[in-house]
Amino acid sequence: MIDWQSLFDGIILFMNWFNILLIILGLFLGVVLGAIPGLTGSLGIALMLPVTFTMDPLPAFVFLIAIYTGGLFGGAITAVLINTPGSPAAVATTLDGYPMTQKGQSGKALGLAVGSSTIGGLIGALVLLLIIQPLATFALKFGPTEMFIVALFGLTIISSVQEGGFIKSIFAGLFGVLLGTIGMTDTGAMRGTFGNVYLLDGIPMIPALIGLFAVSELFFLADKQFVAKNTSEQSYMSEILNGIKRVFKYPFNIIRSSAIGVFVGALPAAGSTIASLLSYNEAKRFSKKKEMFGKGNEEGIVAAETSNNASEGGALATMLVLGIPGSASTAMLLGAIIMQGWVPGPRLFIDQSTILYGVIFSMFVGLLFLILVGGVVSLGAGHVINIPTRILVPIIVIFALIGAFATRNLLFDAILVFIFGIIGWYLRRNKYPIIAVVLGLILGPIADKELLKSVQLHGSETLMAFFTRPVSLVLIIITVLGVLLPIIMERVNKKKTAS
Amino acid sequence: MGKLRNILTPFVHRIIVATSILIFTLLYLFEISSLKNAQDKLLVNPVIWIIFLLYPIIIWQEWREKRKKETTHEATNEAESEASSRLSKKVFLFMISTLLYLVLMNYIGFIISTIAFMPFLMWVLGTSSKKILIILPIATTVVLYLLFNNLLGIPLPQGIILQGVL
């Protein structure tokens, strides 16, 4: 199951002080950004992508994944302290975290959150370590027809985006696909570049992501005085430690929530938010003290936080093996892979197994450090929220623009950040989901390339090939279900609420 | 300005988004019409036609939603959503100054343009303390310059005018 030689080589490659330092720095950044509502760990990854451009692949991914890990926990801090989930994945944490704060137990709640995040993350990383090799070997059997359907399957995530409705999501997604197909084609023709030589390689991913996610958010924040209102400064180390210890009182909850987290995380359509909500529901269903949920039950926090960090392992497996990003963070990590000159897909893990094993090992190390970094940040959380947007926004916008410039040393890329910032801001204002545009932008070119290869391989029998190859057929069925299920579920829910 | 605000209701804004995407698609279709190899349009062509098909459905959906709102909620909610759809002066100045910053950076370089842009943006967003308006931009510029130029070896723009002078 595990290629032990590559794993040991990867561990040896990882073992140096610089990588440990990067983990601590990444975790710190992720936790802080994740803790600020409106800002997320994915913003941290977006901002730091250009910085990793000059790094070797291993330290680059170690750093970015540490931000990812930190970001998944960070949302819990404000969720517990001020009833505001720092990131969508922490929505379920507010349900019992804030009532605990109201009862004067915020330290314990934060301890529970950091403890269960760590354990959930560790289980997720372990599953990733165990399944990635067989998954990659299986995925290697995929030809261009299968890869095309996989890309289409990834695009079906769009149909499950709730914001704005089904048709608008598809419309935005197709807009993203068109943007993604700009550039030189595999046959050497210029497509959709409108004569701009900077677009020959296509729309660069990093400026597009920074613009759509980070800068559009800054335009929204400009109208607010503070990122989040009201603060609560707490300093109670022993309470936090007590909370961490209490996590171990719920072993079944941890196992169940981790399993849900990894599984849902691996599905491209879902992600950490759905994972934590599902786990919370299940914890409530299985609990003996159902009536205590929503009133400050420790089990609720453990379920939500274990699950959202466990989803990281599942999401990374899908992203690394199939090249499908299930969330904004993994989309940005995929951008980092492309930026390193690697080609996402099943071959990636076979070709770069040593480095990727090193990265997975770094996740274990990072999660152990999460207790320390998460605890420290929790203590000083109040101060970060106190920074007014009039100071925060100008600093972040300059960092975002210069960061994008630095990826190719082109001012054009900084201008793209601005343009995509405006596009993202306007789309969001009008209830168009930007995650749909981003998915189209990333998966569009893959679908285009694989379709071209399929046609070149099968000629006039391409259409038949899609249905006669067994893996392809199964994938088609899954894809169709992926589109139809959310629509059916929505109808059923509507009927239920109506009745 | 007031008249423009009256015209630009949330409904109109949503129509603008859909229509802008449609116009982009039309331009894209026109741009690729010169491509001779059909293989270059394998995926693009169906995508374009689906966008054309979806456009009228979206317009109809938006229209239906507008009608629904008009009949159910009436004035208060409408006024609220209109207020939220307005572009505030702050955000407008933020956008314009950012664009100007990027254009200026090309000519006068990173250092001078950042030292000019950052205090302006901070002031627009409501910073009044002169100390902060002077110290923070200088500190940020120096940190970023050192980080990129010295630590990461990525030269930041010097500007066409000042190239070779600094």
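Note that the coordinates shown come from a computational prediction; the quantities given were computed from them, not determined experimentally. (Residues numbered from 1 in each chain as written. Chains lettered and ligands numbered in written order. Predicted model: local features only at pLDDT ≥ 70, side-chain atom pairs only at ≥ 80, totals over all residues.)

### A word on the overall build of chain A
Within chain A, the regular secondary structure consists of 21 helices and two strands. Buried residues in chain A amount to 61% of all 499 residues. (Helix = DSSP H or I, 4+ residues; strand = E, 2+ residues; numbered from the N terminus. Buried ≥ 20, exposed ≤ 12 C-beta atoms within 10 Å, placed from the backbone.)

### A short note on the overall build of chain B
A count of helices and strands for chain B gives six helices and zero strands. Per-residue burial for chain B yields a buried fraction of 23% across its 166 residues. Sequence separation of 24 or more characterises 62% of the internal contacts of chain B that already satisfy a separation of 6 or more. (Contact = placed C-beta atoms within 7 Å.)

### Considering the nonpolar core
Residue and element names in this part refer to chain A. If you look at the biggest cluster of nonpolar residues, it comprises 192 residues, and the most contacted ones within it are Leu-64, Leu-209, Ala-400 and Val-438. The element best represented in this core is helix α4 (residues 57-82), accounting for 17 residues. When neighbours within four sequence positions are excluded, Leu-64 is seen to be in contact with Gly-26, Ile-45, Met-48, Thr-52, Leu-333 and Ala-336. (Core = buried A, V, L, I, M, F, W, Y, C linked by C-beta atoms within 7 Å.)

### Some words on the interface of chain B and chain A
Tallying the contact residues gives 49 residues for chain B and 47 residues for chain A. Counting residues per element, the ones that place at least two in the side of chain B that touches chain A are α2 (10-32), α3 (44-72), α5 (89-124) and α6 (130-151) of chain B. If one sorts the elements of the side of chain B that touches chain A by residue count, α5(B) sits on top with 13 residues. Taken together, the residues of the side of chain B that touches chain A sort by class into 31 nonpolar, 14 polar and four charged. (Nonpolar A, V, L, I, M, F, W, Y, C, P; charged D, E, K, R; others polar.)

### Details of the environment of A:Ala275
Positionally, A:Ala275 belongs in helix α12 (residues 272-286). For the pair A:Ala275 and A:Ala304, spaced 29 residues apart in the sequence, the C-alpha separation amounts to 8.0 Å.

### With respect to the environment of A:Ser472
All names here are of chain A. Turning to its location among the elements, Ser-472 is positioned in helix α21 (residues 470-498). Each C-alpha atom, one on Ser-472 and one on Gly-143, is 8.9 Å from the other, the two residues being 329 residues apart in sequence. Ser-472 has contacts with Thr-145, Glu-146, Ile-149 and Phe-466, leaving out every residue within four places of it along the chain.

### Examining the packing of helix α9 (residues 205-221) of chain A against helix α17 (residues 389-408) of chain A
Between two packed helices, the angle of one axis relative to the other and the distance separating the axes together describe the packing. Residue and element names in this part refer to chain A. Between α9 and α17, the shortest axis-to-axis distance is 10 Å and the interhelical angle comes to 170°. Regarding the angle of α9 to α17, the classification is roughly antiparallel. In terms of crossing hand, the pair formed by α9 and α17 is left-handed. Where α9 abuts α17, its residues Ile-206, Pro-207, Ile-210, Ala-214, Val-215, Leu-218 and Leu-221 lie against Thr-389, Val-393, Ile-396, Val-397, Ala-400, Gly-403, Ala-404 and Thr-407. Of the residues that constitute the contact of α9 with α17, the class distribution is twelve nonpolar, three polar and no charged. (Axes fitted to C-alpha atoms, helices over the stretch in contact; angles between N-to-C directions. Parallel < 35°, antiparallel > 145°, perpendicular 65-115°, else oblique. Left-handed = near helix turned anticlockwise from the far one by under 90°.)

### Quick word on the confidence of the model for chain B
Residues and elements named next belong to chain B. Averaged over all residues, the pLDDT of chain B equals 85, while 83% of them reach at least 70. Ranking the elements of chain B by mean pLDDT puts helix α4 (residues 75-85) last with 51 and α5 first with 94. Reported for the predicted complex are a pTM of 0.74 and an ipTM of 0.91. (pLDDT = per-residue confidence, 0-100.)

### Quick word on unusual backbone geometry
Across the chain, the bulk of peptide bonds are trans and the bulk of non-glycine residues have phi less than zero. Residues and elements named next belong to chain A. In this structure, Phe-194 is a non-glycine residue whose phi angle is positive, near 55°. The residue Phe-194 is located in the loop between β2 (190-191) and α9 in this model. Exposure remark for Phe-194: the 11 C-beta atoms within 10 Å place this residue in the exposed category. Unlike most non-glycine residues, Lys-431 shows phi in positive territory, near 65°. The residue Lys-431 is located in the loop between α18 (411-429) and α19 (434-458) in this model. Residue Lys-431 is classed as partly exposed on the basis of its C-beta count, with 18 C-beta atoms lying within 10 Å.

### Examining helix α8 (residues 166-180) of chain A
For an α-helix, the turn length of 3.6 residues means that residues three or four places apart are oriented alike. With 15 residues, α8(A) extends 21 Å between its outermost C-alpha atoms, agreeing within 8% with the 21 Å of an ideal straight helix rising 1.5 Å per residue. When you tally the buried positions in α8(A), you get 13 out of 15 residues, the bulk of the element. (Expected span 1.5 Å × (residues − 1).)

### Considering α18(A)
With 19 residues, α18(A) should reach 27 Å at 1.5 Å per residue; the first-to-last C-alpha distance of 27 Å fits that figure. Residues of α18(A) that are buried in the fold lie against α8, α9, α17 and α19 of chain A together with α2 and α5 of chain B. A:Lys431 sits one or two positions beyond α18(A) and adopts a positive phi of about 65°.

### Quick notes on the confidence of the model for chain A
Residues and elements named next belong to chain A. Looking at chain A as a whole, its pLDDT mean stands at 82, while 89% of the residues score no less than 70. When the elements of chain A are averaged for pLDDT, α21 gives the smallest value, 75, and α18 the largest, 93. Per-residue pLDDT stays below 50 along residues 230-234; that stretch engages in ten contacts with residues further than four places along the chain or on separate chains.

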